[in-house]
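Chain and residue survey
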Amino acid sequence: MDEMKEKAWRNDAVAKVTGRARFTDDIKLLGLLHAVPVYCDFVHARLVAVDTAAAAKSRGVVRVITARDVPGSNRCGQILKDIHVLADDKIRYHGDVVAVIVAETRSQAIAAAKRVHVRAEPLPEILDPEAALVPGAALVHEEHGTNLIHRHVIRRGDTARGFAESAHIVEQEFRTPFVEHAYLEPEAALCHMRADGVIEVRGSMQHPYSTRRFVAEFLGLPLARVEIVGTPMGGGFGGKDDTAAIVCARTALAALLTGRPVKMTYEREWSMRESYKRHPYHLRYRMGVGTDGLIRAIQCRIVADGGAYCSTSPWVTWRSTVQCCGPYVAPHVDGEVLSVYTNHVFTGAMRGFGSPQVNFAIEQLVEIAAEKAGLSGVEFRRRNMVRQGSTTVTGQVLEGHAVSMSEVFERVLAESGYETKLRRSSRGRGEDDYYGIGLAMSYRGVSLGAEGTDVCAAVVSVQFDGSVLLEAGIHENGQGAESAMILLLAEELGVDRSRIIYRRPSTSAVPDSGTTVASRATIMGGGAVSRAAAAIRLQVAGAVAADLGCRPEEVRFAGGRLTAPGGRDIDFAEAAQRLYRDQKYPYALGVFPAPRVDWDESCGQGRAYFTWVYGCQAVELSVNQRTGRIRLLNAWAAHDVGRAVNRAMLLGQFYGGMAMGAGYGLFEEVAMSGGRLRSLNYDTYRIPRSTDMPEMTAIVLENRDPLSPSGAKSIGEPANELMAPAIANAYFHATGRRRCQLPLGGEK
Amino acid sequence: MKPADPNTAAGAPGFARGSTSAVLARGLNPRASGEPKARPLTLIVNGRRLRLTTRDRRKSLLTFLREELDLTGAKRGCGIGVCGACTVLADNRPLRACRTFVAAVLGRNLTTIEGLAAPDGGLHPLQQAFIDAGAIQCGYCTPGMVLTAHAFLLKHPEPGRNEARRAISANLCRCTGYQQIIDSILAAAPHYRKKE
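Residues numbered from 1 in each chain as written. Chains lettered and ligands numbered in written order. Predicted model: local features only at pLDDT ≥ 70, side-chain atom pairs only at ≥ 80, totals over all residues.

A few words now on the overall build of chain B. Per the secondary structure count, chain B includes 7 helices and 5 strands. The N-to-C order of helical and strand elements in chain B reads α-β-β-α-α-β-β-β-α-α-α-α. By residue count, 55% of the 196 residues in chain B fall in the buried class. Relative to all contacts within chain B whose residues are 6 or more apart in sequence, the contacts with residues 24 or more apart total 68%. (Helix = DSSP H or I, 4+ residues; strand = E, 2+ residues; numbered from the N terminus. Buried ≥ 20, exposed ≤ 12 C-beta atoms within 10 Å, placed from the backbone. Contact = placed C-beta atoms within 7 Å.)

This is how it looks when you write it as structure tokens:
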């Protein structure tokens, strides 16, 4: 079982376990109006008219809003501003919203939505990314000039030479489906105009700063007049970025136009229909291996269905580019990763962010290649994996941190009894259920890397009585980010965590610190907290150092006291009071800019990420010969997290990530038909239940990362990106059949 | 013999915020008095008896709890009775509030998450176990998960790990992978045995 069984702690646990935590839809305001979105049954069409007359006369309707009512810009997006917040010229996918109904009650708004009539001229539907790239194909965004959203390349060495030197060459295609985040809380927003002229926005979102930009641009207001107030959120997994921000923007407009508070809460069906998904990938690989069992060359072409809008496709596919060869050394690489507009639901960030797809491919490909080269998958990985000082396929030398690929790999082999169980695997023989074990491993670049500006801020202020207020530019998505920040600060200031209150976050209080995605909360937020704490320590120590008979930097903070090397000490609260009496305030802004990275987009070479997380997962399963049903029996995960800040929450990330990864491997797939979603709720989109999961073993490795001020790295995504390929490899060892299309369950 | 509910058997269930005003509103509604007397016109929520109007009885239980009584612990996750985020207990049996009309539970004894802790706010041992085991992440499934586990433990105070796993199989959680939730159910089980 798990290494430690200490009691868990998080700052919002009592409120959440008693029902007192108020999520967005739980909050009421006096005079509240209710808003709902209006869709229409087109997939690709030129909009002729949106007739709202009948809806406007419906009972209880206060206002019907269309694109004509937008005071600011109707276009938004984090990379390309191609999202039409309210459809104006075209319908580009089945989830486009043509109007918003605002009414006294929710049921009145829903009733009126049915009375909006949309006239539109259907256009050819573009549903296949490869066909969308053919010259002359109809365009999703005419002004973009092409359906290609972005193309990344990676070029290293000379693949022609690499393949010429290879004794064994393998080729394989892989496909992955649209996947839904399936956060339990659907999108919701609650907005009102305050007396000070600020639009206050609460909502279920994981990128408050991006939401603020979307809202401000949509309303034509300066950033200072939009405040996003932190509210408990029912799960995100990368999915509460663009769509959540758009829902907030439409709700804010409704509040602006009616002068009353407005709430918009999504039904599950609206959420599934409109919100972006994980990209489906079509991956084609070719790998050459020398007689020595070393990889000589890798060639790949990967096409991602970006759907109707760009969203974060260029960033998602960039991570796929950097990690397209897995954690292996390859001297000759030639790859391209394309993201393409179609009239499907758009695709964007989801836990893993471009890695689950490539891992599904490469972690099977290495086993296919190993077999051809007459080696075991274990031996092949040992020969080719990155180690301390290795050069990656993008030319980055792995140094300055512990490159623990081998360590996590060997730990999983040992703890799972992998090689014994591999020998026992059925390989399609026997009369009972087939049995097999499989594994997969990865390295994952931490935080945003060369995707964008990576910086995070935190504010710490010590009160007169020694209690402490903390806020950081990261968002509580449910993962326990606030609690991790509190624990880090408590340690840095040597005070009990009960002294520290994490302030209700607001975009008006902390400088724009980007998005809480990319598993960056602990490393970036923790870095900012460490820096703020260091400044506070100097301020507080400065006020009492003379009395303690030492220099400020010699003062030690522990046990709620400040202690000099000689042993003289003073209570933390008393030191804070002294500072106030001296007319100084213990207040600090800590800023942590991520260490520099560099990237040459023309050849896909550079130092992509400042540090990496190494992980390996294994799974044991059985396959029913008759039904094909896969049952997971056991699972192991080892990840080098740098340092465990809050162990129970860390284990929660291990288990939750593995469960989501298992769903990806076994049965998750958004069913599509002609651009329309057929999976619109949990009855037609299956996520893992408790009985789908086996007992999981978490193996926590802690090689403190020198580039992280807190020593911690990240875990949310690493835990999620390996289960599907591990299941695929175990399936192969059980049945002797290689399955290259997700999901694997349910098919004979 | 069925073990007693460690909380409500004490006869001191918690009153949720907002319920008092809702009761008053119902009591003052003249239409409530004109109802036929054949069926009970009341509902017991967290130990408190509420009088209902005809309109109330036509509502979904989830809407009634959330909008009229301000008991927002039960969440709306899917609206079709699949995810379990809206789970409440009727006579200590879990039911999906989103798929239940108020009329269907007249006269029954309902427990929502707001009624599980002691009146003084002291956590129920099962709630404490959820916290201690790290079974809470986003918290959206938590109220339904806790009540489902509570009903299960009342009936099965000595569960094995697999039984605990099966007990929550109809409640979806996207964050935790369920493992720490199962840990917390097993950790809380002794408290249910003691009360026998």
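Residue and element names in this part refer to chain A. By secondary structure assignment, the location of Pro586 is in the loop between helix 16 (572-581) and strand 25 (587-593). Residues Pro586 and Gln539, 47 residues apart in the sequence, show an inter-C-alpha distance of 6.2 Å. Excluding residues within four positions of it along the chain, Pro586 makes contact with Ser461, Val462, Ile536, Gln539, Val540, Ala576 and Leu579.

Take the interface of chain A and chain B next. Taken together, the contact pairs 45 residues of chain A with 41 residues of chain B. Broken down by secondary-structure element, the contributors of at least two residues to the side of chain A that touches chain B are helix 1 (13-18) and helix 17 (647-666) of chain A. With 8 residues, the single largest contributor to the side of chain A that touches chain B is helix 17 of chain A. Here the residues of the side of chain A that touches chain B sort into 21 nonpolar, 13 polar and 11 charged. (Nonpolar A, V, L, I, M, F, W, Y, C, P; charged D, E, K, R; others polar.)

We now examine the packing of helix 10 (residues 355-372) of chain A against helix 11 (residues 377-384) of chain A. Helix packing geometry: the angle between the two helix axes and the distance between the axes. Residues and elements named next belong to chain A. With their axes 9 Å apart at the nearest point, helix 10 and helix 11 run at an angle of 105° to one another. Taken together, helix 10 and helix 11 sit at an angle that is classed as roughly perpendicular. Seen from helix 10, the contacting residues are Val366, Glu367, Ala369 and Ala370; seen from helix 11, they are Gly377, Phe380 and Arg381. Grouping the constituent residues of the contact of helix 10 with helix 11 by class yields 4 nonpolar, 1 polar and 2 charged. (Axes fitted to C-alpha atoms, helices over the stretch in contact; angles between N-to-C directions. Parallel < 35°, antiparallel > 145°, perpendicular 65-115°, else oblique.)

The next thing to look at is the domain arrangement of chain B. Residues and elements named next belong to chain B. Considered domain by domain, chain B is made up of domain 1 (8-115) and domain 2 (125-194). With 16 residues of domain 1 in contact, the opposing surface of domain 2 contributes 12 residues. Those elements that provide at least two residues to the side of domain 1 that touches domain 2 are strand 3 (87-90) and strand 4 (93-96). Here the side of domain 1 that touches domain 2 takes 3 residues from strand 3, the largest share from any one element. Looking at side-chain class alone, the side of domain 1 that touches domain 2 contains 8 nonpolar, 6 polar and 2 charged residues. (Domains from an automatic or database assignment.)

Before going further, it helps to examine the domain arrangement of chain A. A common way to state how big an interface is: give the accessible area lost once the parts meet. Residues and elements named next belong to chain A. Its domain assignment divides chain A into domain 1 (32-123 + 187-265), domain 2 (281-449 + 599-735) and domain 3 (455-593). With centres defined by C-alpha atoms, the gap from domain 1 to domain 3 works out at 39 Å. Taken together, the contacts link 15 residues of domain 1 with 15 residues of domain 3. Breaking the side of domain 1 that touches domain 3 down by element, the ones donating at least two residues are helix 6 (208-219) and strand 13 (226-229). Residue contributions to the side of domain 1 that touches domain 3 peak at 4 residues, all from helix 6. The residue inventory of the side of domain 1 that touches domain 3, partitioned by class, reads 5 nonpolar, 7 polar and 3 charged.

What follows covers the packing of helix 4 (residues 125-132) of chain B against helix 7 (residues 179-194) of chain B. All names here are of chain B. Where helix 4 contacts helix 7, the axes come no closer than 8 Å and their chain directions differ by 150°. When the axes of helix 4 and helix 7 are compared, the pair comes out roughly antiparallel. Seen from above, helix 4 lies across helix 7 with right-handed handedness. Together, Pro125, Leu126, Ala129, Phe130 and Asp132 of helix 4 and Ser184, Ala187, Ala188 and His191 of helix 7 make up the contact between the two elements. In terms of residue class, the contact of helix 4 with helix 7 is made up of 6 nonpolar, 2 polar and 1 charged. (Left-handed = near helix turned anticlockwise from the far one by under 90°.)

Residues and elements named next belong to chain A. Pairing within the open sheet is mixed, and its 4 strands lie in the order 21-20-19-25. The outermost strands of the open sheet, each flanked by one partner alone, are strand 21 (500-502) and strand 25. When the angles between neighbouring strand axes are averaged without regard to direction, this sheet yields 20°. Examined bridge by bridge, strand 19 (residues 455-462) and strand 25 share 7 bridges and lie antiparallel to one another. Residue Ala458 lies in a different strand from strand 25, and its bridge partner there is Gly590. (Pairing = 2+ DSSP bridges.)

Here we take up the sheet that holds strand 8 (residues 117-122) of chain A. Residues and elements named next belong to chain A. Strand order in the open sheet made by the 3 strands is 6-2-8, with antiparallel pairing throughout. Among the strands making up the open sheet, the edge pair consists of strand 6 (90-91) and strand 8. Looking at chain direction, strand 2 (residues 45-51) and strand 8 are connected through 6 bridges and run antiparallel. Bridge pairing links Val50 to Val118 in strand 8.

This brings us to the confidence of the model for chain B. Regions with low pLDDT should not have their predicted coordinates read in detail. Residues and elements named next belong to chain B. When pLDDT is averaged along chain B, the result is 84, and 79% of the positions lie at 70 or above. Counting interchain partners and residues more than four positions distant, the pLDDT-below-50 stretch residues 1-36 has 63 contacts. Across the predicted assembly, pTM comes out at 0.93 and ipTM at 0.96. (pLDDT = per-residue confidence, 0-100.)

Our focus in this paragraph is the pairing of strand 1 (residues 42-45) of chain B. Every regular strand shows the same layout, with side chains that alternate between the two sheet faces. Residue and element names in this part refer to chain B. Burial of strand 1 is one-sided: the residues Leu43 and Val45 facing one way are buried, the residues Thr42 and Ile44 facing the other way are not. Here strand 1 pairs with strand 2 (residues 48-51) via 4 bridges, running antiparallel. When the sheet's bridge partners are listed, Ile44 is paired in strand 2 with Arg49. Hairpin remark: strand 1 followed by strand 2, antiparallel, with 2 residues in the connecting loop; positive phi at Asn46, about 50°. Sheet topology places strand 1 next to strand 5 (residues 109-111); 2 bridges connect them, and they run parallel. Within the sheet, the bridge partner assigned to Val45 lies in strand 5 and is Leu110.

In an α-helix there are 3.6 residues to a turn, and that puts residues three or four apart on one side. Residue and element names in this part refer to chain A. Along helix 3 (residues 106-113), the positions that sit buried rather than exposed are Gln108, Ala109, Ala112 and Ala113. Buried residues in helix 3, looked at end-on, bunch into an arc of 140°, giving them a common side. For helix 3, the secondary structure elements touched by its buried residues are strand 1 (33-38), helix 2 (53-56), strand 3 (61-65) and strand 7 (99-103). (Arc of directions from axis to C-beta.)

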